Every structure is written in C-alpha cells, then in structure tokens.
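In case you want the letters, here they are:
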Amino acid sequence: MAHLMNTYARLPVAFTHGRGAWLIDEAGNEYLDALAGIAVNGLGHAHPRLTAALAEQVGRLIHTSNIYQVREQERLADRLCELSGMTEVFFGNSGSEANEGALKLVRLYGHQHGNPEAQTVVMERAWHGRTLATLAATGSEKARKGFDPLPSGFIRVPYNDLQAVEAAAAHDGRVQAVWLEVLQGEGGIQVADRDYVRALRRLCDERGWLLMIDEVQSGIARTGRWFGYQWTDIEPDVITLAKGLGSGVPIGCVLARGRAAGVFGPGSHGTTFGGGPLACRAGLETLRIIEEEGLMANAAARGAQIRAGFSAALAGVAGVKAIRGQGLMIGIELDRPCGELVRQALAARLLINVTQDSVIRLLPPLVLGEREADAIVARLAPLVRAFCNAPAA
Ligand SMILES: *Cc1c(COP(=O)(O)O)cnc(C)c1O
C-alpha cells in the first residue's frame, strides 16, 4: 500500500473471492457481506450467469468507441427507458460522471431557455459525488473542505422542506432545477416524504424547472422497486444511475424525458469509455437476472425482515434512535458516533458501514437469502446492544 495515495483509511482485510452474499479473505475466513461494495454487487459475488455472460463478452468485444454504433448500449438504453418511462440515456462510467452529465444538462437547458446562469437547488446531507461540480452539490462540508474554488450554480436547502425550496427560488430568480435523492444514502438513510416529492413535482411543473433524482444508490431494485422514486408515483425529468447497474463493472448513466430530452446534441457531451460493450452487457445481464430471479420482491421482503428483526432484537435499547429505510437500504441510527462498530462487525465476520458518524448502514446484495438476513441481525444486534450499554468513554 506504500504507493497508494492515502485517500482511504482501509480495514485490515483483503478478499480473494466470493460467492453470493459471502466474501472470503486471504486467510480463508468467510464474511457475510451486508454492504455489497456499497450497493454495487446487487447480484452478490461471482453470480454464475453474470460470470458466463461477461466471459463471453470479453472473448468477443470489450471496447469499440462512441464513434460507432454500439448495440449493447442501444439495448440497455431501451431496457432502462422501458423500466423508468424516460426516453433517452447517456452512458458514463460512475455515479459522479452520470451526475456531471445531469448538471451539464441543466446548464445547457438554461442556456437554451434564456437562463444562462441556471441554478440547481440541492439538499443538505445530499451526496452526489467527488468531482468538482458534484462535490459542490454534495452536502458534506467535510468532503468539500479544502477544494475551493468549487463550481458555482447551487443553492443548498434543508431536505424534506418544501418551503425552503420556494424561499430559495423567491430569493434567486435563476433557479432551473431541483435535485435530490428520494432516499439519501451517505446522508444517513433519510427517506423523503412522499407528499414532499409530489409537491416538488408540482412546483417544478409550475415554474418550468427540471426535477432531477439521483438514483445512483437507491436505483436498480435496491428499495424493492426498480427506482426509489417509483414509491412516490411521480415522474422525474432526469434521473441518474450507477452503483448497482453493472454489478461491479463500472457504468453510470443519466436519463431524461419530456422537457429534459433533446437538450444535448452531437459534440455537446461525450466520453471515451462510457457505454462500452462490456459495461452495457453487464447492465443488461444485471437487469435480466434481477427480473428473472425475482430479486426486486426479494429486496422488499428481506429488507422488511431485517428491519423487523432489528426492531425486535434492539427493542428497549437506549441509544437506538431509529431503524429506517426501504428494501435493502437500511439505517440504524444511534445517539452517538459508532464508527468502531465497523471493526467489531468485521471481527464477527460481518461487513457493514457507518455513515454520518452515527448511522449504521446496511446495503446487502439483492440475492440475500432468508437465513442470511437473519444472520445479519444475529451477528450485529448483540454488538449494537453491547455498544449502547457500555459506559460512555
Ligand atoms: C455513490 C454515490 C454517488 C457517486 O458515485 P461514484 O460512482 O462514487 O462517483 C452519487 N450519488 C449518490 C446518491 C451516491 O450514493
């Protein structure tokens, strides 16, 4: 590790292989993976159908160029539009890159509609990525610190607060878009109120703004619907996807419909790698497997099972403030910072994460079985109980 830039405080473990919801380390220890590479490995590890499809694709074509037609890209775009009701897609390679595309779309839309200084309303505790513009849109001061000057064009307001959006627009007539996660991931598994999202939809329609939903973490069946916004029965103008789409092969995309469609033209945006045959094959195969194996329903059922399991196992434990989430996007909020639980869980052969200092975050693979779901509760609940009952340090 001596030659790696020091951007991660890494846990002392390296994995050699995996299968399903399990990862095996260099010493042969087996870990139950309740994080899935941060919502990436929806199909778990080494899914046989995905492995076979990717091997076949690698043996045929990995990359050509967006100078040419790419059939896998066209097919994946068709499928994503069928599932979302969007009408066009641009493929990149990550969540940040998808979100950069969405932000460029807002700006270009503004220029095309007499608003050359288009502002995007963004949310406190939002997470949109690490590139300069997505970082500027991200709520975390810790992530932004030291990276000024950041791109401008953002107005930050509290989440779940419609009046705050209206007030921001009253103060600045250049607003062109509202951008949010319907279920904040890095922000601590915060679920947007359905009425709030519906009211944002109406507001955007009235004002001619674009409603953009960042589904990078909540998309691809993780919440028990294909996309998290589908719980609110609104249709956004723009959505972005990434994490779960390629099952680990890097891919991200921005999708648009209605007023947001047709904004980009030849030469206005691009990418060398984005939308290549391998990544799009991974996306196509991922969607097919989720559908054919009923993984969306499984995400909903296993998520409900895990939340109920923790509610029972942690009932009456002072220090547990909330157990929340949707499908397999689950947060357990404690009343104090609990980062050390990640190492304790690792020692108990369970992979978890903590976000916002005090929210345990679980993002298990969509293939999680019923007994594995119980095992997550059985391994973690005693650690949480002991942690909460320990005298404050
Ligand atoms: C992870 C994440 C991103 C950034 O994706 P990267 O692939 O890390 O660039 C953006 N938005 C949300 C909601 C995320 O969870």
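Residues numbered from 1 in each chain as written. Predicted model: local features only at pLDDT ≥ 70, side-chain atom pairs only at ≥ 80, totals over all residues. Heavy atoms only, no water.

Considering helix H3 (residues 71–84)
Between the first and last C-alpha of H3 there are 20 Å, a value that for 14 residues agrees with the 20 Å anticipated at 1.5 Å per step. All buried positions along H3 are accounted for by Glu-72, Gln-73, Leu-76, Ala-77, Arg-79, Leu-80, Cys-81, Leu-83 and Ser-84. Those residues of H3 that are buried lie in contact with helix H2 (48–58), strand S4 (88–92), strand S11 (238–241), strand S12 (252–256) and helix H9 (277–292). Phi turns positive, to about 80°, at Gly-85, one or two residues after H3. (Helix = DSSP H or I, 4+ residues; strand = E, 2+ residues; numbered from the N terminus. Expected span 1.5 Å × (residues − 1). Buried < 20%, exposed > 50% of the residue type's maximum accessible area, 1.4 Å probe, protein only. Contact = heavy atoms within 4.5 Å.)

With respect to the nonpolar core
Met-123, Ile-306, Phe-310, Leu-334, Ile-360 and Leu-362 are the most contacted members of the largest nonpolar core, which totals 91 residues. Apart from residues lying up to four places away in sequence, Phe-310 is in contact with Ala-315, Ile-323, Ile-332, Leu-362, Ile-376, Val-377, Leu-380 and Ala-381. With 23 residues, the next largest nonpolar core counts Ala-177, Val-238, Ala-260 and Val-263 among its residues. (Core = buried A, V, L, I, M, F, W, Y, C linked by side-chain atoms within 4.5 Å.)

Structural notes on the packing of aromatic side chains
Here the structure, examined in full by the defined rule, presents three aromatic pairs. Aromatic side chains Phe-15 and Tyr-31 sit 5.4 Å apart centroid to centroid with 80° between the ring planes, which places their arrangement in the edge-to-face category. With Phe-15 in strand S1 (residues 15–19) and Tyr-31 in strand S3 (residues 30–33), this pair connects stretches of sequence that are 16 residues apart. According to the relative accessible area criterion, Tyr-31 is buried, its value standing at 4%. Positioned above the aromatic ring of Trp-231, the side-chain terminus of Arg-225 is 4.0 Å from the ring centre. (Phe/Tyr/Trp six-rings, centres within 6.5 Å; stacked < 30°, edge-to-face > 60°. Lys NZ or Arg CZ within 6 Å of the ring centre and 35° of its normal.)

Let's talk about the site of the ligand
Around the ligand, a shell composed of Ser-94, Gly-95, Ser-96, Asn-99, Trp-127, His-128, Gly-129, Glu-181, Asp-214, Val-216, Gln-217 and Lys-243 is seen. A distance of 2.8 Å separates an oxygen atom of the ligand from a polar backbone atom of Gly-95. Between Lys-243 and the ligand, the recorded distance is 2.6 Å, taken from a side-chain N or O atom to an oxygen atom. Coverage of the ligand by the protein amounts to 82% of the 380 Å² it exposes when considered alone. Examining the composition of the shell around the ligand, we find that three residues originate from one element, helix H4 (residues 95–112), more than from any other. Across the shell around the ligand, the residue classes tally to two nonpolar, seven polar and three charged. (Near = heavy atom within 4 Å. Polar contact = N/O pair within 3.5 Å; in protein donor to acceptor, adjacent residues only side chain to side chain. Areas by Shrake-Rupley, 256 points an atom, 1.4 Å probe, with all protein chains shown as cover. Nonpolar A, V, L, I, M, F, W, Y, C, P; charged D, E, K, R; others polar.)

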